[in-house]
Amino acid sequence: LGKKVQAIYLWWHKPVIDKELLQSLPNLKVIANSGVGMDHLDLKLVASLGVKMANAPHAVSSTTADTGMALLLASARRLVEVHNISISPSMEYCEADILGVKVAGATLGIIGMGSIGYKIALRAKAFEMNILYHNRTQRKVQEEQAVGATYCKKIDSLLQQADFVMLVVSLTPQTHKLIRKRELELMKPTATLINISRGAVVDQEALVAALQTGVIRAAALDVTCPEPLPRDHPLLKLKNVIITPHLGIKTDKATYMITEEAVENILAALNGLPLPSEVLPS
């Protein structure tokens with residue numbers, strides 16, 4: 001069927017797109033991805049063969065922003081930990097020293113202020129948070145004012161001030177292990193790291209050490225490297241970590257919208273029209 005295939009719709013990084021597959025599909029015109037991140041594709045290789053690529057940024061932004069805020073709130077109030085206490089057979093009362101941290105009035109640092117990052121800022125404003133952000137380019141003044149966000153040109157400044165640090169960047173060579181030992185040590189010992197981007201954006205060994213030694217208070221991770229983690233991984237044994245299995249886009253409506261957006265891009269490519277969400281190699 002190789003000669004008949006003109007489009008591929010990637011769902012959860014499958015099928016795996018490698019040189020062998022691409023060479024077996026001489027009439028392939030477009031690859032549409034179910035999500036925003038394209039780090040699982042060799043963009044330059046695909047483009048060199050004349051194949052267009054598209055992602056689904058519009059369908060996933062609100063749902064992923066919801067996931068980020070859910071993780072922030074769950075970690076702040078230690079929801080998973082107290083849930084386990086509440087359902088324990090030996091539960092008689094909740095210890096008075098199991099205290100969360102206040103979200104209203106806290107400072108949220110958003111690293112990556114694209115469409116998802118901006119929607120997180122909108123949600124954080126409703127929770128009366130102070131918002132800092134670091135991005136490759138500064139947002140327009142009116143966009144900053146709409147959410148009350150302050151731009152930090154240097155990531156260090158954000159890390160030193162934030163009570164919650166939210167990672168919302170694409171995985172690129174520049175963002176690989178963006179958060180290492182040094183960056184973790186710049187954070188407040190009362191701070192929480194939240195990652196809804198890609199697991200490889202964080203140096204996980206450094207994160208484990210930081211969580212074990214009190215360099216930072218807690219972490220909430222929707223992504224890890226690899227996914228899932230080996231069952232003996234130390235992150236799975238820490239009480240001050242919440243891990244979810246890459247839930248970012250997983251709602252019924254978002255899944256439907258992702259498919260619609262992919263189909264729109266595929267039909268555009270097949271009809272020689274501009275792709276609404278085309279991704280070009282950098």
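The name an unreviewed UniProt entry gives the protein chain is Glyoxylate reductase/hydroxypyruvate reductase, with Picathartes gymnocephalus as the organism.

Peer 1: Would you mind going over the overall build of the protein chain with me for this structure?
Peer 2: When its secondary structure is counted, the protein chain shows ten helices and ten strands. Relative to its length of 282 residues, the protein chain is compact, with a C-alpha radius of gyration of 21 Å against a globular reference of 19 Å. Based on the C-alpha atoms only, the size of the protein chain along its principal axes is roughly 65 × 50 × 35 Å. Within the protein chain, buried positions represent 46% of all 282 residues. Of all intrachain contacts in the protein chain linking residues separated by at least 6 positions in sequence, the fraction that spans at least 24 positions is 61%. Split by element, the accessible area of the protein chain, about 15000 Å² in all, is 56% carbon and sulfur.

Peer 1: I keep staring at the sheet that holds strand β1 (residues 7–10) and nothing clicks. Help me out?
Peer 2: In a beta sheet, neighbouring strands are held together by backbone hydrogen bonds and run either parallel or antiparallel to one another. Within the open sheet, the three strands sit side by side as β1-β2-β3. Their pairing is parallel. Here the strands that pair on one side only, and so sit at the sheet edges, are β1 and β3 (52–54). Adjacent strand axes in the sheet meet at a mean angle of 15° when their direction is disregarded. Contacting β1, β2 (30–33) and β3, helix α10 (residues 252–270) crosses the sheet at an angle of about 160° to β1.

Peer 1: Looking at this structure, I do not really get the packing of helix α3 (residues 57–76) against α10. What am I missing?
Peer 2: The relative placement of two packed helices comes down to the angle between their axes together with the axis-to-axis distance. Between α3 and α10, whose axes approach to 8 Å, the crossing angle comes to 160°. As far as their axial angle goes, α10 and α3 are roughly antiparallel. Of the two possible hands of crossing, α3 and α10 adopt the one that is left-handed. The residues of α10 that touch α3, namely those facing P57, H58, A59, V60 and T63, are A254, M257, I258 and E261.

Peer 1: I'm lost on the pattern of salt bridges in this one. Help?
Peer 2: Side-chain pairs of opposite charge can arise where the charged atoms are in close proximity. Taken as a whole and judged by the stated rule, the model has eight salt bridges. Three or more residues are tied together by salt bridges with common partners; here these are D156, R182 and E183.

Peer 1: What is the right way to look at the pairing of strand β4 (residues 107–111) in this model?
Peer 2: In summary, the side chains of a regular strand alternate between the two faces of the sheet. The buried fraction of β4 amounts to five of the five residues, a majority that puts the element mostly inside the structure. Here β4 shows two buried faces, one formed by T107, G109 and I111 and the other by L108 and I110. As for the winding sense of the linkage, the β-α-β connection from β4 through helix α5 (residues 115–126) to strand β5 (residues 130–134) is right-handed. Relative to strand β7 (residues 164–167), β4 runs parallel, the two being bridged by four bridges. By the bridge assignment, I110 is partnered in β7 with M166.

Peer 1: How should the environment of V51 be read in this particular structure?
Peer 2: Inspection of the secondary structure puts V51 in the loop between α2 (43–48) and β3. We classify V51 as buried; its relative accessible area is 6%. Measuring from C-alpha to C-alpha, the distance between V51 and E260 comes to 20 Å, with 209 residues separating the pair along the chain. Beyond its immediate chain neighbours, meaning those up to four positions away, V51 contacts L28, K29, V30, I31 and V46.

Peer 1: Sorry if this is basic, but what is going on with the domain arrangement of the protein chain here?
Peer 2: When the parts come together, some accessible area is lost, and that loss is often what is quoted as the size of the interface. By the assigned domains, the protein chain splits into domain 1 (2–59 + 250–271) and domain 2 (60–243). The straight-line distance from the C-alpha centre of domain 1 to that of domain 2 is 30 Å. The partner domain 2 presents seven residues to the 13 residues of domain 1 that form the contact. Here domain 1 and domain 2 share an interface that buries about 680 Å² over both sides, 51% of which is from carbon and sulfur atoms. Ranking the residues of domain 1 by area buried against domain 2 places V36, D39 and P57 at the top, with a combined share of 47%. Between domain 1 and domain 2 we count one salt bridge in total. One can count three residue pairs in polar contact (both at pLDDT 80 or more) joining domain 1 with domain 2. Going through the elements one at a time, α3 and α10 are the ones with two or more residues in the side of domain 1 that touches domain 2.

Calculation rules
- Residues numbered from 1 in each chain as written.
- Predicted model: local features only at pLDDT ≥ 70, side-chain atom pairs only at ≥ 80, totals over all residues.
- Heavy atoms only, no water.
- Helix = DSSP H or I, 4+ residues; strand = E, 2+ residues; numbered from the N terminus.
- Rg over C-alpha atoms; globule rule 2.2 N^0.38 Å.
- Buried < 20%, exposed > 50% of the residue type's maximum accessible area, 1.4 Å probe, protein only.
- Contact = heavy atoms within 4.5 Å.
- Areas by Shrake-Rupley, 256 points an atom, 1.4 Å probe, with all protein chains shown as cover.
- Pairing = 2+ DSSP bridges.
- Axes fitted to C-alpha atoms, helices over the stretch in contact; angles between N-to-C directions.
- Parallel < 35°, antiparallel > 145°, perpendicular 65-115°, else oblique.
- Left-handed = near helix turned anticlockwise from the far one by under 90°.
- Salt bridge = Lys/Arg side-chain N within 4 Å of Asp/Glu carboxyl O.
- Right-handed = clockwise from strand over helix to strand, strands pointing away.
- Domains from an automatic or database assignment.
- Buried area = accessible area lost by both parts, 1.4 Å probe.
- Polar contact = N/O pair within 3.5 Å; in protein donor to acceptor, adjacent residues only side chain to side chain.

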